[in-house]
Amino acid sequence: MTMRALAASAALLTVLAIPASAQLRGVRFEVVDVGDTTVAFRAGGERWIHPGDRGIAVDPRRRDALVARLRVLRVERGTATAVVTGQTTSVTTDHIVVFQEPKRRWYASKSFWGGIVAGAALGAVVGFQL
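Overview of the structure. Bear in mind that the values here come from a model prediction, so they are computed numbers and not experimental data. (Residues numbered from 1 in each chain as written. Predicted model: local features only at pLDDT ≥ 70, side-chain atom pairs only at ≥ 80, totals over all residues. Heavy atoms only, no water.)

## Comments concerning the nonpolar core
Okay, so step 1: Of all hydrophobic cores here, the largest spans 18 residues; its most connected members are F41, L70 and V97.
Okay, so step 2: Residue assignment for this core shows that the elements contributing at least two residues are β1 (27–34), β2 (38–42), β4 (65–76), β5 (79–87) and β6 (96–99).
Okay, so step 3: Ignoring any residue separated from it by four or fewer positions in sequence, one finds L70 in contact with V39, D53, R54, G55, I56, A57, A82, V83, V84, T85 and V97. (Core = buried A, V, L, I, M, F, W, Y, C linked by side-chain atoms within 4.5 Å. Buried < 20%, exposed > 50% of the residue type's maximum accessible area, 1.4 Å probe, protein only. Helix = DSSP H or I, 4+ residues; strand = E, 2+ residues; numbered from the N terminus. Contact = heavy atoms within 4.5 Å.)

Shown next, in the form of structure tokens:
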């Protein structure tokens, strides 16, 4: 009976560890400078932003209406510069840049290590009963 309960709780923990799609949202950055075709924004300590990444600029005063699509050119000392690849209106410093944070690698996720621990515990319980 305890074996089934342990297996059921391990399965339940695995299912609950997966984030719902509603929890996946973009990371917002402040626009600090706007050129003719470029936008500079504060990337801060985010190390996952790299040249070639794609994002959007939105207008927070208009319920995050799409303003422009962007592609990162370079990241230097916490400030990233992106080129505007398409726009609906001109980008200003009142707008916000949004990027989707990339998924973690499989070995860096909590569900992976939770599965390792649950599997080890289950194996120890089964091995102890034999």
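## A look at the environment of A82
Okay, so step 1: Examined against the element boundaries, A82 turns out to sit in strand β5.
Okay, so step 2: Assessed through its relative accessible area of 0%, A82 is described here as buried.
Okay, so step 3: In this structure, the C-alpha to C-alpha distance between A82 and V39, residues 43 residues apart in sequence, is 5.3 Å.
Okay, so step 4: With residues near it in sequence (within four places) discarded, A82 still touches T37, T38, V39, F41, L70, R71, V72 and L73.

## Section: the side chain of H95
Okay, so step 1: Note that H95 resides in the loop between β5 and β6.
Okay, so step 2: For H95, the side chain forms a polar contact with the main-chain nitrogen of T92, separated by 3.0 Å.
Okay, so step 3: Setting aside its immediate chain neighbours within four residues, H95 contacts V31, V58, D59, P60, V67 and S90. (Polar contact = N/O pair within 3.5 Å; in protein donor to acceptor, adjacent residues only side chain to side chain.)

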